[in-house]
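# Secondary and tertiary structure notes
Spelled out, the chains give:
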Amino acid sequence: MTPEEFRRFGHEVVDWIADYSDRIREYPVLSRNRPGDLTRALPPSAPETGEPMEAILSDFRDLIVPAITHWNHPAFLGYFGISGSEPGILGEMLAAGLNVNGMLWKSSPAVTELEQVTLGWLRQWLGLPKDFFGVIYDTASTSTLHAVVAARQMAVAPEMARGNWEHLVLYCSEQAHSSVEKAAVTAGIGRCNVRTIAVDENFRLRPELLSSAIEDDLRAGMQPFCVVATVGTTAMASTDPVEQIADIAARHGIWLHVDAAYGGSAAILPEMAHVMNGCARAHSLVVNPHKWLLTPVDLSVFYTSRPDLLRRAFSLVPEYLRTGDGPEAINLMDYGFQLGRRFRALKLWFVMRNYGREGLAAIIRGHLDLAQEFAGWVKNDDRFELCAPVDFSLVCFRYRGTDADNQKLLDAINRSGAALLSHAVFGGRMVLRVAIGNYRTQREDLRRVWDCIGVLAGKLG
């Protein structure tokens, strides 16, 4: 491809992205494809000779786009709402153009140093201690795995850092993300050594039950080594009492990891700074800018007060990767299991600079207000009930009927293309979730979704 061709097709792609962003409401949120539709529409073998870019872009528009569920749609309200903002997309494009690997400082100094500077800015916005070391991974699942491995490193003597860890025990809320158990499995701890602690009426981990579980394990000859607290749980967006959990962890010398992947971003608002209470005492914490800080997927930020243990767990340097750059040159490969590293910090830097703290805070504040308004609509309709406190921008509610009724309602709203919702189950009951997190989502979007839910609910009776 010549520079002229690249420029022409590059402009075409940017124009398409701009039009897509501008006309996103015209698309059905959930893809209407059936399983296998795209597979059958594509050739079973790759081309032997190159094809013109016109044909490739045409197939993108005609075949790929219909098979997309549009996470950037303002009525995408499932899981946790996200949005890839235009500044972040531009940063992603430039990162792809540079195509560098930040495994070592020497392999691309900008990758390492911009990451450290940008994560320092974010750390300040979140009100975290100055000594927290930050590193970017892909998702919170990866961040949590690194926390568990670092906790394991702290729990055992260096000479025993490789071996059988079946005596180690990890604790988390029964509302904790599934990645906690996956991390335990991957780190060799095993699911059988994960203790899920019951929650209170607001779905928060009960500290007294955590203490009891730890004491029981100690009496049984087990070794408690890690506890995970959550700021904004996946199902209900509840926040565990981190301060009390930190007291327990400190008393027993246990690593405290805080999963603030969703809720942590809210702390950039002065009036929401309290969600990080106790987090300064954590050994590690994760927050995902790709959830609520308008950064395109994927970008998960991991902070730790013990980078030495993280480095001890993962630093393994073969001769061909040794450099003589001195102690100021951080080699990010030493702080995780991956060697190759994309230039993820660039898109976060673009977003933080273009919006500023005030701009991002205004968007998050708007989402919090919209969630309260949506919760009010639920409470004012006798056909529905609110199922959890609305502390962030997630509303959990259900139709006052059977789980089968709620499943039909969920399927109907998603099938309509007007919105995408997801669900959770708590206390044996199915709950519908509306997660607001897209910067394009306006009151009119939510009102349309609520009106649609109301019409579909009328058909259940």
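Relevant structure appears above.
Residues numbered from 1 in each chain as written. Predicted model: local features only at pLDDT ≥ 70, side-chain atom pairs only at ≥ 80, totals over all residues. Heavy atoms only, no water.

### Remarks on the overall build of the protein
The condition is simple: Helical segments are the DSSP runs of H or I of at least four residues, strand segments are the runs of E of at least two, and each set is numbered from the N terminus. What the globule rule says is 2.2 Å times the number of residues to the power 0.38, and the radius of gyration is computed from C-alpha atoms. The contact definition used throughout considers only heavy atoms, calling two residues in contact when any of these lie within 4.5 Å. Computed with a 1.4 Å probe, the accessible areas rest on the Shrake-Rupley method; for each residue, only the protein chains presented here act as cover. Positive charges come from Lys and Arg, negative ones from Asp and Glu, while His and the chain ends are left out of the count. Charge positions are represented by NZ for Lys, CZ for Arg, CG for Asp and CD for Glu.
Across its full length, the protein holds 14 helices and 11 strands. Relative to the compact-globule value of 23 Å for 461 residues, the protein shows a C-alpha radius of gyration of 24 Å, a close match. Pairs at least 24 residues apart make up 74% of the contacts formed inside the protein by residues separated by at least 6 positions. Approximately 20900 Å² of the protein is accessible, and the part contributed by carbon and sulfur atoms is 53%. Across the protein, the centroid of the 46 positively charged side chains sits 2 Å from that of the 53 negatively charged ones.

### Topic: the packing of aromatic side chains
Quick note on the threshold: Only centres within 6.5 Å qualify two rings of Phe, Tyr or Trp (six-membered ring in Trp) as a pair; their planes then separate them into stacked at under 30 degrees, edge-to-face at over 60, and tilted for everything else. Here, a charge over a ring means that NZ of Lys or CZ of Arg falls within 6 Å of the ring centre while also lying within 35 degrees of the ring normal.
Under the defined criterion, the tally for this structure stands at 20 aromatic pairs. Grouping aromatic residues by their ring pairs yields a cluster made of Phe374, Trp377, Phe384, Phe397, Tyr399 and Trp450. The cationic tip of arginine 152 hangs over the ring face of tryptophan 165; the distance from NZ or CZ to the ring centre is 3.8 Å. The residue whose ring lies beneath arginine 447 is tryptophan 377, and the NZ or CZ to ring-centre distance is 4.4 Å.

### Looking at unusual backbone geometry
In terms of backbone geometry, most residues other than glycine have negative phi values and most peptide bonds are trans. Inclusion rule: Only protein chains enter the accessibility calculation, which uses a 1.4 Å probe. A residue is then buried if its area is under 20% of the maximum for its type, exposed if over 50%, and partly exposed in between.
Residue aspartate 298 is bonded to the preceding valine 297 through a cis peptide linkage, with omega at 10 degrees. With respect to the helices, strands and loops of the structure, aspartate 298 is situated in the loop between helix 10 (289–292) and strand 7 (300–304). A positive phi angle, near 60 degrees, is found at alanine 237, a position not held by glycine. Take alanine 237: it is sitting in the loop between strand 4 (223–230) and helix 9 (242–252). For alanine 237, a relative accessible area of 1% corresponds to the buried category. Backbone geometry places leucine 294, a non-glycine residue, at a positive phi of 60 degrees. Classification of leucine 294 as buried rests on a relative accessible area of 1%.

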